[in-house]
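Observations on the three-dimensional arrangement
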Amino acid sequence: MQKTTIAILGAGAWGVALANLATANGHQVRLWSRRGGQTLQTVLQNAQILLSAISMQGVREVASQVQSFPLSPTTIFVTATKGLDPQTTLTPSQIWQTAFPHHPVVVLSGPNLSKEIEQSLPAATVVASQNQAAAELVQMVFSSPCFRVYTNPDPIGVELGGTLKNIMAIAAGVCDGLHLGTNAKAALVTRGLTEIIRIGRSWGANTETFYGLSGLGDLLATCNSPLSRNYQVGYQMASGKTLTEVLADLPGTAEGVNTCRVLLRHAQHHSITVPITEQVYRLLQGEITPRQALEELMLRDIKPEYN
Ligand SMILES: NC(=O)c1ccc[n+]([C@@H]2O[C@H](COP(=O)([O-])OP(=O)(O)OC[C@H]3O[C@@H](n4cnc5c(N)ncnc54)[C@H](O)[C@@H]3O)[C@@H](O)[C@H]2O)c1
Ligand SMILES: O=P(O)(O)OC[C@H](O)CO
């Protein structure tokens, strides 16, 4: 395929892993970090694809910085961030689309623990956009024998799958940290998926998307791997550490911590029942212990599985 010029914003674990995948395919990749190297203007010059792998806390600020520089009208935006904006509850793709209404925006999300991808272990992901041609171009850019990329027409569903599973991964870490067993973990992850779907539908996502790689796939990866920073938050809190202690030693960002707060606000505003999110929030706030969170979930009113 033709070689593409790609600007990757955010040189953290995920930005670097994605940069390596595109470089290995022969594309020209420029990586930007707020902590040095090339200027944003230089990195953006002639970029056909602008990929953001910035943590949620920086997305709005960086999107507004990018607005000050000239871009080709055909530049495709790709967002790989898994979070929700605390001020607006917008998703990262909604922020980029609002800032650049005439450009195609593609969401890249899936079961992608960066440490495994850096070792060239096999993995799959999803690129989702309402602009199919843009999604297909991004698919070509990143596909390789060890990284299989699927397209999907439901960007909000793909994005929310990756974002909401972080809260469930914190809960799964607690479950394993308390040694609650395989039955408990299966129940938690399955009810977690139900909760994700309930929220996702309120955002306009397709239910089916949550059964795919970016939903169930990412949920399984993150809830079962000690490589996940979100899982580590829950696991270490179950071992008696405070959130502050865990975050002090955590390598990189655990987006689920902030997502939980933003999501709970959204759920309360729209009267959506989110029992797992609620208990994770209270645990992160230091209001309850991991054991109390478990009791709260087990002692809820009994009910039909689906309603
Ligand atoms: N690491 C993974 O395995 C992985 C996989 C898929 C998706 N993600 C998602 O990708 C995003 C980044 O994750 P990561 O693991 O690379 O995190 P990280 O903490 O390693 O890196 C975050 C990057 O964002 C930058 N950043 C943060 N605030 C900024 C600001 N205000 N202005 C400019 N830059 C800012 C940091 O400098 C850093 O380069 C997260 O949303 C995460 O959920 C991570
Ligand atoms: O380390 P985490 O918990 O941010 O998870 C990384 C990816 O989102 C897994 O797909």
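None of these values were measured; they are calculated from a predicted model.

Let's talk about the pairing of strand S4 (residues 76-79)
- Burial along S4 is two-sided: the face carrying Ile76 and Val78 and the face carrying Phe77 and Thr79 are both buried.
- Relative to S4, strand S3 (residues 49-52) runs parallel, the two sharing 4 bridges. What sits directly across from Ile49, in S4, is Ile76.
- Viewed along the sheet, the connection from S3 through helix H3 (residues 56-66) into S4 turns out right-handed.
- In the classification by handedness, the crossover that spans S4, the intervening helix H4 (residues 92-99) and the parallel strand S5 (residues 105-109) is right-handed.

Examining the site of ligand 1
- Within the structure, ligand 1 sits among 24 residues, and Trp14, Ser114, Arg229, Thr253 and Glu255 are positioned closest to it.
- Between ligand 1 and Asn112, the relevant distance is 3.3 Å, taken from an oxygen atom to a main-chain nitrogen or oxygen of the residue.
- In isolation ligand 1 offers 820 Å² of accessible surface; the protein chains occlude 90% of this area.
- If you list the elements that add at least two residues to the shell around ligand 1, you get helix H1 (13-24) and H3.
- Per-element accounting of the shell around ligand 1 gives the leading share, 4 residues, to H3.

Some remarks on the packing of helix H7 (residues 155-177) against helix H10 (residues 229-238)
- Interaxial distance between H7 and H10 falls to 6 Å at its minimum, and their mutual angle equals 35°. The interaxial crossing formed by H7 with H10 has right-handed handedness. Between H7 and H10, the contacting residues are Asn166, Ala169, Ile170, Ala172, Gly173, Val174, Asp176 and Gly177 on the first element and Asn230, Tyr231, Val233, Gly234, Tyr235 and Ala238 on the second.
- Split into classes, the residues belonging to the contact of H7 with H10 amount to 8 nonpolar, 5 polar and 1 charged.

A word on the UniProt feature "binding site: substrate" (unreviewed entry) in the chain
- Under the feature "binding site: substrate" (unreviewed entry), the UniProt entry names Lys82, Arg229 and Asn230. Of the residues just listed, which span 149 residues, no C-alpha pair is farther apart than 12.6 Å, and they cluster in one region.
- Position of Lys82 among the secondary structure elements: in the loop between S4 and H4.
- Among the residues examined, Lys82 registers a relative accessible area of 15% and is labelled buried.
- The contact partners of Lys82, leaving out residues within four places of it in the chain, are Ser109, Gly110, Gly162, Thr163, Lys165, Asn166, Asp218, Glu255 and Thr259.
- Only 3.0 Å separates the side chain of Lys82 from the backbone oxygen of Gly110, close enough to count as a polar contact.
- Inspection of the secondary structure assignment puts Asn230 in helix H10.
- Apart from the residues lying within four places of it in its own chain, the contact partners of Asn230 are Asn166, Ala169, Ile170, Ala254, Glu255, Gly256 and Val257.

Digging into the pattern of salt bridges
- Scanning the model with the defined rule gives 6 salt bridges in all.
- In this structure, Arg60 engages Asp85 in a salt bridge whose closest nitrogen and oxygen atoms are separated by 3.0 Å. Separated by 25 residues along the polypeptide, Arg60 in helix H3 and Asp85 in the loop between S4 and H4 bring together distant segments of the chain.
- Residue Arg282 is joined to Glu287 by a salt bridge in which the shortest nitrogen-to-oxygen separation is 3.4 Å.
- In this structure, a network of salt bridges that share partners links the residues Lys82, Lys165 and Asp218.

Cut-off values and rules
- Residues numbered from 1 in each chain as written.
- Chains lettered and ligands numbered in written order.
- Predicted model: local features only at pLDDT ≥ 70, side-chain atom pairs only at ≥ 80, totals over all residues.
- Heavy atoms only, no water.
- Buried < 20%, exposed > 50% of the residue type's maximum accessible area, 1.4 Å probe, protein only.
- Helix = DSSP H or I, 4+ residues; strand = E, 2+ residues; numbered from the N terminus.
- Pairing = 2+ DSSP bridges.
- Right-handed = clockwise from strand over helix to strand, strands pointing away.
- Near = heavy atom within 4 Å.
- Polar contact = N/O pair within 3.5 Å; in protein donor to acceptor, adjacent residues only side chain to side chain.
- Areas by Shrake-Rupley, 256 points an atom, 1.4 Å probe, with all protein chains shown as cover.
- Axes fitted to C-alpha atoms, helices over the stretch in contact; angles between N-to-C directions.
- Left-handed = near helix turned anticlockwise from the far one by under 90°.
- Contact = heavy atoms within 4.5 Å.
- Nonpolar A, V, L, I, M, F, W, Y, C, P; charged D, E, K, R; others polar.
- UniProt positions renumbered as here; feature names shortened; annotations may be inferred.
- Salt bridge = Lys/Arg side-chain N within 4 Å of Asp/Glu carboxyl O.

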